[in-house]
Amino acid sequence: MTDSAFAFGLGVGTQNSKGEWLEVFFPSPLLAPSTELQAAAAGFDSNTELDETQLRALQTALSKAGANDQAALAGRLRDNGRPAVAVLLTEDGPPANVPEGYLKLHLLSHRLVKPHGTNLDGLFGVLPNVAWTNEGAVDVNELAERQLSARLRGDLLEVSSVDKFPKMTNYVVPAGVRIAHTARVRLGAHLGEGTTIMHEGFVNFNAGTEGPGMIEGRISAGVMVGQGSDLGGGCSTMGTLSGGGNIVISVGRECLIGANAGIGIPLGDRCTVEAGLFVTAGTKVTMLDADGMPVETIRARDLAGKPDLLFRRNSTTGAVECLTNRSAIELNEELHAHN
């Protein structure tokens, strides 16, 4: 048995009428499980529902391995009768099925790994489109029949979204965060303690914050925001799924992206982007000296990751300018200290 397995999770999920997984909830995922736990969990198919006999055997094996919390969970799943699955990832490879994909999303939202900290290659092809309803996950191909059945019994099947990713808070609520509109944070988001997501804020999977931070804009897939940074209302970060290509976009510590602004380059620490200004890699930027005089014009990609920069637009010429930012922002500590 290898001593370097990547992760383990024991979960309960939802299947369609064909027995195919739609989603899985892992209440207590583990990173780098012990060799004893690995031995107890070995031999189970990560895509196959566990029957009562298997759950009983797994519970016993986990108890002998000293994984008492996991053993207790196996007992609760056995007594409940809902579809259960055990996933042991011996290495951090691409997710091969829905349970493996959901385990990796849980690792991110439980803060066990950071964005880019696990292999998510092929995830979109693995996860099915699901109708997320007040009765749980429903296969989109079975939705019409479920809606009719609900109407015939005098109920309404409310569909809140049709998507591959559910909202994070139905699976994980990390300690010390505030989320004003839970539908705008997907499972697989990584929110550091002290993070506040306002109503118009959005955080995609495999993206997030170190915390504390104020998020009133969009954190796209793959983007990580550093401590003490503020994303103003309506601003955007260009992720790898929205035009950023292979460039890993990130926001450093104590940065400010103004309202309706955006970035397509990584920002270093203590950078500011003026409200309404979108800086992409190819944006031509006029560099200013200490006296505010133009020195040279370069492309924004040449400033990627550099600290203490202020990006602004000259209101007379329309040129994008950059100068040293000597006054980093300070968050209102009262807003984040009591999350």
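What counts, and where the lines are drawn
- Throughout this description, residue numbers start from 1 for each chain and increase along the sequence as written.
- Owing to the predicted nature of the model, reporting of local features is limited to residues with pLDDT of at least 70; listing and counting of side-chain atom pairs is limited to 80 or more, with chain, interface and lining totals taken over all residues.
- Water and hydrogen atoms were dropped before computing side-chain values, which therefore reflect all heavy atoms in the structure.
- UniProt positions are given in the numbering used here, feature names are shortened, and annotations may be inferred rather than shown by experiment.
- Under the DSSP-based scheme used, a helix requires at least four consecutive residues in state H or I and a strand at least two consecutive residues in state E, with every element numbered from the N terminus.
- Think of it in three bands: with a 1.4 Å probe and only protein chains considered, a residue is buried below 20% of the maximum accessible area for its type, exposed above 50%, and partly exposed in between.
- In what follows, residue pairs with any heavy atoms lying within 4.5 Å of each other are defined as contacts.
- Residues forming no salt bridge and having over 30% relative accessible area are the ones grouped into patches, like charges within 9 Å of each other and nonpolar side chains (Val, Leu, Ile, Met, Phe, Trp, Tyr) within 5 Å.
- Note that accessible areas follow from Shrake-Rupley with a 1.4 Å probe, and for residues the cover is restricted to the protein chains shown.
- What counts as a salt bridge is simple: a side-chain nitrogen of Lys or Arg found within 4 Å of a carboxyl oxygen of Asp or Glu.
- DSSP bridges decide pairing: two strands pair if at least two such bridges lie between them.
- Two aromatic rings from Phe, Tyr or Trp, using only the six-membered ring of Trp, form a pair when their centres are within 6.5 Å; if the ring planes differ by under 30 degrees the pair is stacked, by over 60 it is edge-to-face, and anything between is tilted.
- Multiplying one less than the number of residues by 1.5 Å gives the expected span of a helix.
- Within 3.5 Å is the distance limit for a polar contact, defined as a pair of N or O atoms, with the added protein rule that one can donate a hydrogen and the other accept it, and that residues adjacent in sequence qualify only through two side-chain atoms.

- The name recorded for the protein chain in an unreviewed UniProt entry is 2,3,4,5-tetrahydropyridine-2,6-dicarboxylate N-succinyltransferase, from Seongchinamella unica.
- Reading the Catalytic activity (unreviewed entry) entry of the UniProt record for the protein chain gives the comment "(S)-2,3,4,5-tetrahydrodipicolinate + succinyl-CoA + H2O = (S)-2-succinylamino-6-oxoheptanedioate + CoA".

### A closer look at the side chain of Thr286
And then number 1: Of note, Thr286 is situated in strand S23 (residues 284–288).
And then number 2: With relative accessibility at 17%, the residue Thr286 sits in the buried group.
And then number 3: Setting aside residues no more than four positions away along its own chain, Thr286 makes contact with Pro294, Glu296, Thr297, Ala319, Val320, Glu321 and Cys322.

### Details of a nonpolar patch on the surface
And then number 1: A grouping of Val140, Val159 and Val162 is seen on the molecular surface, where their side chains present a nonpolar patch of about 190 Å² in accessible area.
And then number 2: Classification of Val162 by relative accessible area gives partly exposed; the value is 48%.

### Comments concerning the pairing of strand S4 (residues 84–89)
And then number 1: Most of S4 is tucked away: 6 of the 6 residues are buried.
And then number 2: Both strand S1 (residues 7–15) and S4 contribute to a ladder of 6 bridges, which runs antiparallel. Across the sheet, Val12 pairs through a bridge with Ala84, a residue of S4.

### Concerning the packing of aromatic side chains
And then number 1: Applying the stated criterion to the full structure yields 5 aromatic pairs.
And then number 2: An aromatic cluster is defined as three or more aromatic residues linked by ring pairs; in this entry it consists of Phe25, Tyr102 and Tyr171.

### Quick look at the sheet that holds strand S8 (residues 178–179)
Sheets are built from strands paired through backbone hydrogen bonds, the pairs being either parallel or antiparallel.
And then number 1: Read across the open sheet, the 10 strands follow the order S8-S10-S13-S16-S19-S21-S25-S26-S23-S24; overall the sheet is mixed. Each of the sheet's edge strands pairs with one partner strand only, and the pair in question is S8 and strand S24 (294–299).
And then number 2: Of the pairings in the sheet, the one linking S8 to strand S10 (residues 195–197) comprises 2 bridges and is parallel in character. If you follow Arg178 over to S10, its bridge partner there is Thr196.

### Let's talk about helix H4 (residues 98–109)
And then number 1: A rise of 1.5 Å per residue sets the reference length of H4, with its 12 residues, at 16 Å; its end C-alpha atoms lie 17 Å apart and thus fit the reference within 8%.
And then number 2: The buried count for H4 comes to 12 of 12 residues, which makes it a mostly enclosed element.
And then number 3: Of the residues making up H4, those classed as buried are Val98, Pro99, Glu100, Gly101, Tyr102, Leu103, Lys104, Leu105, His106, Leu107, Leu108 and Ser109.
And then number 4: Residue Asn97 occupies the N-cap position of H4, its side-chain oxygen lying 3.0 Å from the main-chain nitrogen of Glu100.
And then number 5: Once H4 finishes, Arg111 follows within two positions and takes phi at roughly 65 degrees, a positive value.

### Things to note about unusual backbone geometry
What is expected of a backbone is that most residues other than glycine have negative phi and most peptide bonds are trans.
And then number 1: Cis rather than trans, the peptide bond between Gly211 and Pro212 has omega equal to -5 degrees.
And then number 2: Note that Pro212 resides in the loop between strand S12 (207–209) and strand S13 (213–215).
And then number 3: Notably, Glu254 is not glycine yet its phi reads approximately 55 degrees, a positive angle.
And then number 4: With respect to the helices, strands and loops of the structure, Glu254 is situated in the loop between strand S18 (250–251) and strand S19 (256–257).
And then number 5: Classification of Glu254 by relative accessible area gives partly exposed; the value is 35%.
And then number 6: Backbone geometry places Asn260, a non-glycine residue, at a positive phi of 60 degrees.
And then number 7: Inspection of the secondary structure puts Asn260 in the loop between S19 and strand S20 (262–263).

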